[in-house]
Amino acid sequence: GPLSERCLMDVRLGELPAWLATCNFSPWGLLGGVQKAWSSYYDKYINVKRGGPAGISMLLAGYCLLSYGWNYQHISKISFLVSV
Amino acid sequence: VLHTTRPLHTTQQCLAPLPPLPEKGGEVRYGLIPEEFFQFLYPKTGVTGPYMLGTGLLLYLLSKEIYVINHETVAAACILSVIIYGVKKYGSDVAAFADKLNEEKVAKALAVKNEAINSLETAIEQEKKEQWRVEGRSYLFDAKRNNIAMLLETNYRERLLTVYNEVKKRLDYQVALQNLKRQKEQDHMIQWVEKNVIQSITPQQQKDSIGKCILDLRALSKSAQAAV
């Protein structure tokens, strides 16, 4: 289909800049993109009849990685490593 | 597991009834990595590709100290082992309990729907009955028309009787009036005649008539004495 309506997984590598150009980068556009991603994640893993641990565990793992990334500067300091 | 905001009616065509929820979620291997990742790497690297990638990435992070091993690593390992043990042991029970809750919700909704359908069906039957009753309307109206005709007839006859009575009263009055007039005329004439006759009897005539009567009486008494 047309470039702007394909989701990111269907876009080929060479078309990536063109796809980025069609994106809506205003605050509302970004918010809409975030909303769409969140709802698509929900529909795939959480809003099902028989879910499993996969739904929340992926969110928790993502949260762990994100918090590790935010605190990396603090964790890698020598003073922190010695104090523990 | 968590039923929170699901975008409803986002498309122009609102599909009603809503499509049912999918049975199972997306496939996830080891609870963390979606199956799409493995499928994505399969054409180029085969089955072991993602595992090689994972091992290499892990060793790289450890050796370059991008992932620092400290007390938190030990804590994370203990917590993860406890969580995995708990999920493996009690996962099915929790899933059955959640399924039971869902079943109850669905059963309640179904009951409401069935009740609504039943009530609507009874309403339809009653409506049909009312429609059947409408056919008897003509009989009802005939009876009403007969009643009204009878009332009109009765009223007409009553008024006829009133008219008759009134006319009779007036005629009787006229008759009584004429009778009274004739009676009065008769009485008056009799009185007048008597008065005139009495006036015409002069005293001389009276004396003569009384003498005559006495003579007649004497004659009669004589004949009576002779008879006895």
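A quick note: this is a predicted structure, and the numbers were derived from the prediction, not measured. (Residues numbered from 1 in each chain as written. Chains lettered and ligands numbered in written order. Predicted model: local features only at pLDDT ≥ 70, side-chain atom pairs only at ≥ 80, totals over all residues. Heavy atoms only, no water.)

When you look at the overall build of chain B in this model, what are you seeing that I'm missing?
For chain B, the helix and strand inventory stands at five helices and two strands. For chain B, the N- to C-terminal ordering of α and β elements is β-β-α-α-α-α-α. Of all 228 residues assigned to chain B, the portion counted as buried reaches 5%. Looking at chain B as shown, the accessible area adds up to about 20,700 Å², and 65% of this sits on carbon and sulfur atoms. (Helix = DSSP H or I, 4+ residues; strand = E, 2+ residues; numbered from the N terminus. Buried < 20%, exposed > 50% of the residue type's maximum accessible area, 1.4 Å probe, protein only. Areas by Shrake-Rupley, 256 points an atom, 1.4 Å probe, with all protein chains shown as cover.)

It is not clear to me how unusual backbone geometry should be interpreted in this structure. Could you clarify?
With glycine set apart, most residues show a phi of negative sign, and most peptide bonds adopt trans. You will see that Y30 of chain B, though not glycine, has its phi angle at about 60°, which is positive. Looking at the element boundaries, Y30 of chain B is found in the loop between β1 (28–29) and β2 (33–34).

In this structure, what is going on with the confidence of the model for chain A? I would like to understand it.
Low pLDDT marks stretches whose predicted atomic positions should not be read closely. Of the residues in chain A, 90% reach a pLDDT of 70 or more, and the chain-wide mean stands at 82. When mean pLDDT is compared element by element in chain A, helix α3 (residues 54–70) of chain A scores highest at 91, while helix α1 (residues 16–22) of chain A scores lowest at 77. (pLDDT = per-residue confidence, 0-100.)

Can you walk me through the interface of chain B and chain A in this structure?
For an interface, size is often stated in terms of accessible area lost upon the parts coming together. Contact residues are listed per partner, giving 29 residues for chain B and 23 residues for chain A. Summing the contributions of chain B and of chain A, the shared interface buries around 2,300 Å²; its carbon and sulfur component is 58%. Counting across the interface, chain B meets chain A through two salt bridges. Its salt-bridge partner being K49 of chain A, residue E23 of chain B comes within 3.5 Å of it at the nearest N-O pair. The tally of links from chain B across to chain A stands at nine residue pairs in polar contact (both at pLDDT 80 or more). The element contributing the most residues to the side of chain B that touches chain A is helix α3 (residues 71–134) of chain B, with five residues. The class makeup of the residues in the side of chain B that touches chain A is twelve nonpolar, nine polar and eight charged. (Contact = heavy atoms within 4.5 Å. Buried area = accessible area lost by both parts, 1.4 Å probe. Salt bridge = Lys/Arg side-chain N within 4 Å of Asp/Glu carboxyl O. Polar contact = N/O pair within 3.5 Å; in protein donor to acceptor, adjacent residues only side chain to side chain. Nonpolar A, V, L, I, M, F, W, Y, C, P; charged D, E, K, R; others polar.)

What should I look at first to understand the nonpolar core in this one?
The biggest cluster of nonpolar side chains holds seven residues, and these are Y41, Y42, Y45, I46, A54 and M58 of chain A together with V28 of chain B. Mapped by element, the contributors of at least two residues to this core are α2 (27–45) and α3 of chain A. It is α2 of chain A that provides the largest number of residues to this core, a total of three residues. When sequence neighbours within four positions are dropped, the list of residues in contact with M58 of chain A reads Y41 and Y45 of chain A together with V28, G31, L32 and P34 of chain B. (Core = buried A, V, L, I, M, F, W, Y, C linked by side-chain atoms within 4.5 Å.)

Explanation requested: the pattern of salt bridges in the structure shown.
Side chains that carry opposite charge are capable of pairing whenever their charged atoms lie near each other. All names here are of chain B. Throughout the structure, instances matching the rule amount to eleven salt bridges over all chains. Where R29 meets E35, a salt bridge forms, and the shortest distance between an N and an O atom there is 2.9 Å. Judged by its relative accessible area of 27%, R29 is partly exposed. In this structure E35 comes out as buried when scored by relative accessible area, which is 17%. Residue K168 pairs with D172 through a salt bridge whose shortest N-O separation is 3.6 Å. With a gap of four residues between them, K168 and D172 both fall in helix α4 (residues 137–200), about one helical turn apart. Among the residues examined, K168 registers a relative accessible area of 41% and is labelled partly exposed. By sharing partners, the salt bridges in this structure join E166, K169 and R170 into a single network.

Please explain the packing of aromatic side chains as it appears in this structure.
The way to describe two aromatic rings as a pair is by their centre distance and the angle between their planes. Going through the model one piece at a time under the given rule, you end up with seven aromatic pairs over all chains. A centroid spacing of 5.2 Å and a plane angle of 35° characterise the contact between W38 of chain A and Y42 of chain A, whose relative ring orientation is tilted. Of this pair, W38 of chain A and Y42 of chain A both sit in helix α2, four residues apart, which is roughly one turn of the helix. In this structure W38 of chain A comes out as partly exposed when scored by relative accessible area, which is 43%. Relative to Y67 of chain B, the ring of Y68 of chain A has its centre 5.4 Å away and its plane inclined at 40°; by these criteria the two rings are tilted. Here the residue Y68 of chain A occupies a position in helix α3, and Y67 of chain B occupies one in the loop between α2 (49–63) and α3, the pair thus bridging two chains. Judged by its relative accessible area of 30%, Y67 of chain B falls in the partly exposed class. (Phe/Tyr/Trp six-rings, centres within 6.5 Å; stacked < 30°, edge-to-face > 60°.)

I'm lost on the packing of helix α1 (residues 35–45) of chain B against α2 of chain B in this one. Help?
The angle between the axes and the distance between the axes are what describe a pair of packed helices. Residue and element names in this part refer to chain B. Where α1 contacts α2, the two axes come as close as 8 Å, and the packing angle between them is 105°. With respect to their mutual orientation, α1 and α2 come out roughly perpendicular. Residues F37, F38, L41 and T45 of α1 pack against G49, P50, Y51 and L53 of α2. Here the residues of the contact of α1 with α2 are counted per class, giving six nonpolar, two polar and no charged. (Axes fitted to C-alpha atoms, helices over the stretch in contact; angles between N-to-C directions. Parallel < 35°, antiparallel > 145°, perpendicular 65-115°, else oblique.)

How should I be thinking about α3 of chain B in this particular structure?
Compared with the 94 Å implied by 1.5 Å per residue over 64 residues, the 88 Å span of α3 of chain B between its first and last C-alpha is a close match. Where α3 of chain B bends most, the angle comes to about 55°, and this point is Y90 of chain B. (Expected span 1.5 Å × (residues − 1). Bend = angle between axes of the 7 residues up to and from the residue.)

When you look at the confidence of the model for chain B in this model, what are you seeing that I'm missing?
All names here are of chain B. The predicted model of chain B averages 89 in pLDDT, with 93% of residues at 70 or higher. The secondary structure element of chain B with the lowest average pLDDT is β1, at 85, and the one with the highest is α4, at 95. Interface confidence for the predicted complex, expressed as ipTM, amounts to 0.74; the pTM equals 0.56.

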